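# A structural walkthrough
For reference, the chains in residue letters:
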Amino acid sequence: MIVLKTDFNPVSEFTDFINHPYVDLPLGLDINKAVVYMWMAAALAIILTLLVTRRGLQVRPSGPQTTAEVIYEVCEQQIARAGLPEEGMKIWFPYVATAFVFIWMMNLIGFIPLPFGEEHVDLFGLSVPQLQIYAATANLSVTLTLTLVTILASHAEGIRYNGVVGYFKSWMPSGMPAFGLKTAPLIILIAVIEVISQFVRIVSLSFRLFFNLLAGHLVIAVFLGMGALIGGTAFYFIHPIGFAMGVALYTLEATLIAGLQAFIFASLSAIYIGGAIHPDH
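Keep in mind it's a predicted model, so treat the numbers as computed, not measured. (Residues numbered from 1 in each chain as written. Predicted model: local features only at pLDDT ≥ 70, side-chain atom pairs only at ≥ 80, totals over all residues. Heavy atoms only, no water.)

### Re the overall build of the chain
Assigned secondary structure in the chain consists of 8 helices and 2 strands. Each helix (α) and strand (β) of the chain, taken in turn from the N terminus, gives the series α-α-α-α-β-β-α-α-α-α. For the chain, buried positions account for 35% of its 281 residues. Put simply, of all contacts in the chain between residues at least 6 apart along the chain, 67% involve residues at least 24 apart. Of the roughly 16700 Å² of accessible surface on the chain, 71% is carried by carbon and sulfur atoms. (Helix = DSSP H or I, 4+ residues; strand = E, 2+ residues; numbered from the N terminus. Buried < 20%, exposed > 50% of the residue type's maximum accessible area, 1.4 Å probe, protein only. Contact = heavy atoms within 4.5 Å. Areas by Shrake-Rupley, 256 points an atom, 1.4 Å probe, with all protein chains shown as cover.)

This is how it looks when you write it as structure tokens:
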């Protein structure tokens, strides 16, 4: 058996760009790999939408128009109306729909091999970057920023519709006893638990998207690299197994997980904002 030594660290593919940005700018506004991938996702979402709408909507829809209508239907009925009250639809339906499409595009682009690798290969005498798959949503800074927008929006809407006192009072369960010497410890404990639960929302919403995309990419890399990293005649059978598993996981992640994680994020955003508007529900 041949033991291969390698210093390849798959996690570094998602972290090194922070210390090595493409353009170094002040105030932490560097243009790095995650920023470029977000730009590509935003451009793709805008261009595809314009291609459909600029042609004009037809009574007998074409394939692209049918796809756009299905996506709109999912955003309106399955995401927005499932979590937002009627008075919140006008303002926050565009947000949750945009969040769904934007995150979905970032996830999909993350499974397209693009020449943004740190290593270079020789191609017809030219040194070109290696192709690699990378997702901006596998960067915690990206998912945390998206989450903070949702959380801040929910609190702002809760205060706008219920007032400062009414909104924060709604955090406490109904039927609580009056604040007194005997009930004070219980009320304070419940208040602390509720505050912690608000912070847990931030962690759960951002980490769910981050870990699912990061783990998916790493698992794909492990199975596709299994055959290449294990040598020797006794291990030739691992090559097709590793390749087949890698392709199967790649297909699952690119088709199901990419859309599902965007759907979950947008749905929870709608639920949090809608729950702040009508906390009694």
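What follows picks up the thread again.
### Looking at the environment of Gly63
Secondary-structure assignment places Gly63 in helix α3 (residues 63-83). Separated by 11 residues in the primary sequence, Gly63 and Val52 have C-alpha atoms spaced 9.8 Å apart.

### Some thoughts on the nonpolar core
Within the largest apolar cluster, 47 residues are counted, with the highest numbers of intra-cluster contacts made by Leu84, Val96, Ile103, Met106, Leu146 and Ile273. Mapped by element, the contributors of at least two residues to this core are α2 (33-54), α3, α4 (86-109), α5 (140-162), α7 (184-229) and α8 (238-277). In terms of residue count, α4 provides more of this core than any other element does, 12 residues in total. The contact partners of Ile273, leaving out residues within four places of it in the chain, are Leu84, Trp92, Tyr95, Thr150, Ala153, Ser154 and Glu157. (Core = buried A, V, L, I, M, F, W, Y, C linked by side-chain atoms within 4.5 Å.)

### Some words on α5
Between its first and last C-alpha atoms α5 spans 32 Å; for 23 residues at 1.5 Å apiece the expected length is 33 Å, and the two agree. Considered for burial, the residues of α5 that qualify are Val142, Thr143, Leu146, Thr147, Thr150, Ile151, Ala153, Ser154, His155, Glu157 and Gly158. Two to three positions downstream of the cap, the backbone nitrogen of Ser141 sits 3.1 Å from a side-chain oxygen, assigning the N-cap of α5 to Asn139. Phi turns positive, to about 80°, at Gly163, one or two residues after α5. (Expected span 1.5 Å × (residues − 1). Polar contact = N/O pair within 3.5 Å; in protein donor to acceptor, adjacent residues only side chain to side chain.)

### Digging into the packing of α3 against α4
Contact geometry for α3 and α4: axes closest at 9 Å, N-to-C directions at 120°. In terms of orientation, α3 lies oblique with respect to α4. α4 is crossed by α3, and the crossing has right-handed handedness. Counting all contacts with α3, which are made through Ile71, Tyr72, Cys75, Glu76, Ile79, Ala80 and Arg81, the residues of α4 involved are Glu86, Met89, Phe93, Val96, Ala97, Phe100, Val101 and Trp104. Each residue belonging to the contact of α3 with α4 can be placed in one class, and the counts come to 12 nonpolar, no polar and 3 charged. (Axes fitted to C-alpha atoms, helices over the stretch in contact; angles between N-to-C directions. Parallel < 35°, antiparallel > 145°, perpendicular 65-115°, else oblique. Left-handed = near helix turned anticlockwise from the far one by under 90°. Nonpolar A, V, L, I, M, F, W, Y, C, P; charged D, E, K, R; others polar.)

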